[in-house]
Amino acid sequence: MLLGQGEMKERSKERIGNEGKEYDDGGSKPQPPVARKQQRSTRNVRGRGREGGGRGRMPVHYVVLPALLFGGVAIVVYFGEMWWAGPGVNKPLPLPRAVSETWRNDSVYLTRLWGTYRSNVYFGIRPRVPRSLLAGIMWYSNDGSGRMEIRHSCQHGDDLRQYGWIRHDGTSYGQQRIVDHEMMLETEFLTMANTSLGETWSARIRGKPLSQRPILTSLIVYLFNEGKGEMAYRTSGGQRSLEEVYGHTPEFRQFRLYLPRKTVADDAHHSYLAARVASPTHLDSFFKSVMVVEEGPRTWPPLPSLPGEITPDDGGPLKPNLVAYQ
């Protein structure tokens, strides 16, 4: 139907006037323009709050308190399980022991009783018996500068050119080469199954200078008893040179360590040490702390030497568990 211009104007006025009234067809009431504008403005404010950290942001304590509560519960559960499982963790494994209680009667075990089982030192010997006798060597060079860097335990800071076993059969023989900055050491280890306890052992240490300038090198051989028993020693050469170390332990009953003199230079400087030490863990530091400076042979500079017997602080008799020869 076509409407005239006048009728269209009248109907437009009537529609504008009736925006706030109810309609007959649906009964829905449209909001006034002002209310719609306010609603859009509220939505915009809420949106900015969520994005920009306004009123829509969750309080910090709503996150921190549950996290602390969860962490505390986890710690309690962890230590509770450790306490509950303690007896099970400490229970020995149902496997054969590495050291048999009847090892003295085991001929196969006795053939491998002694060996180079101290992998943490450059050269060390011990039996496959816990808390027993230990033997080893350490050395240092004296160039007159006053520095004394003892080589004993395998340290990356020693910066050795080479060390390791050239050959080793794992049972009775081994040969090692150690190349330091000023000298080269060759060690040989040999066992012989000819005693009531299965075997004896012998070690030979040879040195060769690598520098053209004269360097005085000191070699220390020591024997340490980590367990029970007694140890004694015998000296010679004006009480400066150590001849042998002997004693007894529950494992070996009688033991004896010989130190031959025919392979030592005539003008070598001798000294020894007898002391009681709690642990063999830091022997190199202990030796360094107790050494005294003495006059060297011929034109050599003063030498750090072993002090002999170190008596107990309480004044009681010395019962050494460490005897060393330089």
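Each remark here, short or long, concerns the structure printed above.
From a predicted model like this one, the values you see are computed outputs, not experimental measurements. Numbers given to residues run from 1 along each chain, matching the order in which its sequence is written. A pLDDT threshold of at least 70 governs which residues receive local features in this predicted model, and a stricter bar of 80 or more applies before side-chain atom pairs are shown or counted, although totals over entire chains, interfaces and linings include all residues. The side-chain figures draw on all heavy atoms in the structure; neither hydrogens nor water molecules are used.

(A) A look at the nonpolar core. The biggest cluster of nonpolar side chains holds 24 residues, and the ones touching the most others in it are L113, L223, M231, Y233, L242 and V245. Residue assignment for this core shows that the elements contributing at least two residues are helix 5 (107-110), strand 3 (133-142), strand 9 (230-236), strand 10 (241-248), strand 11 (255-258), strand 12 (272-275) and strand 16 (322-325). Working definition: helices are DSSP H or I runs of at least four residues, strands are E runs of at least two. Numbering for both runs from the N terminus. Here this core gets 3 residues from one element, more than from any other, and that element is strand 3. In contact with V245, other than residues within four places in its own chain, are L223, M231, A232, Y233, F255, R256, L257 and V323. The next biggest cluster of nonpolar side chains, apart from the first, holds 17 residues, and it includes A275, V277, L283 and A324. Definition used in this section: a nonpolar core is a set of buried Ala, Val, Leu, Ile, Met, Phe, Trp, Tyr and Cys residues joined via side-chain atoms within 4.5 Å. Relative accessibility thresholds used throughout: buried, under 20% of the residue-type maximum; exposed, over 50%; partly exposed, between the two (1.4 Å probe, protein chains only). Any two residues having at least one pair of non-hydrogen atoms within 4.5 Å are treated as being in contact.

(B) Broad picture of the sheet that holds strand 5 (residues 173-179). Between any two strands, at least two bridges found by DSSP are needed for them to pair. Spatially, the 4 strands line up as an open sheet ordered 4-5-6-7, and their pairing is antiparallel. The sheet terminates laterally at strand 4 (162-168) and strand 7 (200-209), the two strands that pair on one side only. Going across the sheet, the axis of each strand differs from the next one's by a mean of 15°, ignoring polarity. Inspection of the sheet shows strand 4 paired to strand 5 by 6 bridges, in the antiparallel sense. Opposite Y163, over in strand 5, you have I178 as the bridge partner. Inter-axis angles, ranging from 0 to 180 degrees, are taken between N-to-C directions of lines fitted to C-alpha atoms, where helices are fitted over the stretch in contact.

(C) Fine view of the packing of aromatic side chains. When two rings of Phe, Tyr or Trp (its six-membered ring) have centres within 6.5 Å they constitute a pair, described as stacked for plane angles under 30 degrees, edge-to-face for angles over 60, and tilted for the intermediate range. Counting across every chain of the model gives 9 aromatic pairs. Look at W114 and W201: their rings are 5.9 Å apart centre to centre, the planes differ by 45°, and that puts the pair in the tilted class. Placement of W114 in strand 1 (residues 114-115) and of W201 in strand 7 is noted, with a sequence separation of 87 residues between them. Between Y233 and Y272, the aromatic rings sit 5.5 Å apart at their centres with planes inclined by 50°, giving tilted as the arrangement. In this pair, Y233 is assigned in strand 9 and Y272 in strand 12, connecting sequence segments 39 residues apart. For the pair formed by Y233 and Y272, the shared burial category is buried. Grouping aromatic residues by their ring pairs yields a cluster made of W114, F189, W201 and F252.

That's the geometry; what it means functionally is another story.
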